[in-house]
Structures are given as structure tokens and as C-alpha cells.
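One letter stands for each residue in the lines below.
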Amino acid sequence: MQTQVLLSDLKQITEQAAKICQQTFVPLSERELNWKPQPEKWSVLECLAHLNYYGRFYIPVFKARIQKGIERQSRPESEVISNWLGKKAIAAVRLDPQKKQPLQKMKTLKVSNFASQNLEKQRVLSEFLKQQEDFLRIIERAGEVNLNRIKIPTSISSLVRLRLGDGLQFIIYHNERHIVQAQNVLSLQKEVEAQSL
């Protein structure tokens, strides 16, 4: 894929995530944001807390690696090329473009599962919105470096490393996946409330 096309796509997804949070989630009450369709399913706040967890890890990593690439004059290439590990990571989080449903099921690590925790609306939403601003700056600066040569450690292990282009796709598509999940939770909530009238 062409580098500028990819970065434009990732920027658009990130802007959309921030817009949904601002326009849809912020006006809701803490009770509405903590509502769950079933005890084992996630609420809106649990979806966003999960994303915040990964943002806390990847944002500093992306910033540091891009800065290092700029200092080393890592010239951008016109195309982003994924290796087998990158393709696997991206496929694990992608949504079906037509149905907006996950293409694969994923097992959540216990450390990034915030189910049944007492989550505060203000703290979770503020952090999420701040992270989207950070991701937009990262995506913009990523256009100045070689997305195929710079490697980033993953949250699984510093030994498991992704190409920067693959890492950006992984985190942004992962955000998109759980924003859609959160929107689906709200749709179910409205259906349940309508049936109880």
C-alpha cells in the first residue's frame, strides 16, 4: 500500500474515533457507559479502558522510534510493506469493511481486561481523547520516516518487534475494532430499554 494512502486512512480512523467519543460517549451518564448486555460482555467504558491500556504502552514507543528515525535521517519509502508477523497482527484486529464485524476472534490478556472494575467516566474518556490527539501527531510525523525499516517492540515482549508501519496499523485498527464494539453495546442498550417500555 502507498505510504501516504495508508497514513491518510489511519488519520481518518483516528479522527472518527475521537469524534464518536466526543459526540456519542461524552454526553452519556456514567451509568449508561457502564451498562453491559451480559455480565461477561464489556461496557463502553471497559472497551475504552482496554484501548487506553495499549495507548499507554505504544504512544511513547512510537514517539521515541519516530524521533530516532528522524535523527538518523531515515528517509520515507513510497510503499508500506508488511512482513508475515505484521500481516498476522493486523489481520487479528481488522474489521470486515462491509459488515463492520471482526474478521477474527481475539483472546484478551488478563492485564488489559477491565471487566467489572470501577471505571470513572471522566478519567477514561479524557485519557482516550488525549491519546487520539497523540496518535494524530504520531501519524503525521510517521510520514517523515521509513515505516518499513524502523522496528518497534510489542506489548507482548520487547523481543517480538513489528515494523513501524505494521505497528501503526495494528494499534489504529485495534482502536477501530473496540470503538465499533462500544457502539454496538449502546445499540443493544437502546433495544433493551425500548423492550422494557
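Here the structure is a predicted model, which means the values were calculated and not measured.

1. Quick word on the environment of Glu 32
Then comes step 1: Mapped onto the fold, Glu 32 is located in helix 2 (residues 30-33).
Then comes step 2: The spatial distance from the C-alpha of Glu 32 to the C-alpha of Glu 71 is 47 Å, given a sequence separation of 39 residues.
Then comes step 3: In terms of polar contacts, Glu 32 uses its side chain to reach the backbone amide nitrogen of Ser 29, at 2.8 Å.

2. Notes on the environment of Leu 186
Then comes step 1: Positionally, Leu 186 belongs in helix 6 (residues 164-195).
Then comes step 2: Residue Leu 186 is classed as buried on the basis of its relative accessible area, which comes to 9%.
Then comes step 3: Between the alpha carbons of Leu 186 and Trp 35 there is a distance of 8.4 Å; along the sequence they are 151 residues apart.
Then comes step 4: Setting aside residues no more than four positions away along its own chain, Leu 186 makes contact with Thr 24, Phe 25, Leu 28 and Val 44.

3. Focus: the packing of helix 4 (residues 84-93) against helix 6
Then comes step 1: Where helix 4 contacts helix 6, the axes come no closer than 8 Å and their chain directions differ by 10°. On the basis of the axis angle, helix 4 is roughly parallel to helix 6. Along the contact surface, helix 4 presents Gly 86, Ala 89, Ile 90, Ala 92 and Val 93, while helix 6 presents Asp 166, Gln 169, Phe 170, Tyr 173, His 174 and Arg 177.
Then comes step 2: Its residues placed into classes, the contact of helix 4 with helix 6 shows six nonpolar, three polar and two charged.

Thresholds applied
- Residues numbered from 1 in each chain as written.
- Predicted model: local features only at pLDDT ≥ 70, side-chain atom pairs only at ≥ 80, totals over all residues.
- Heavy atoms only, no water.
- Helix = DSSP H or I, 4+ residues; strand = E, 2+ residues; numbered from the N terminus.
- Polar contact = N/O pair within 3.5 Å; in protein donor to acceptor, adjacent residues only side chain to side chain.
- Buried < 20%, exposed > 50% of the residue type's maximum accessible area, 1.4 Å probe, protein only.
- Contact = heavy atoms within 4.5 Å.
- Axes fitted to C-alpha atoms, helices over the stretch in contact; angles between N-to-C directions.
- Parallel < 35°, antiparallel > 145°, perpendicular 65-115°, else oblique.
- Nonpolar A, V, L, I, M, F, W, Y, C, P; charged D, E, K, R; others polar.

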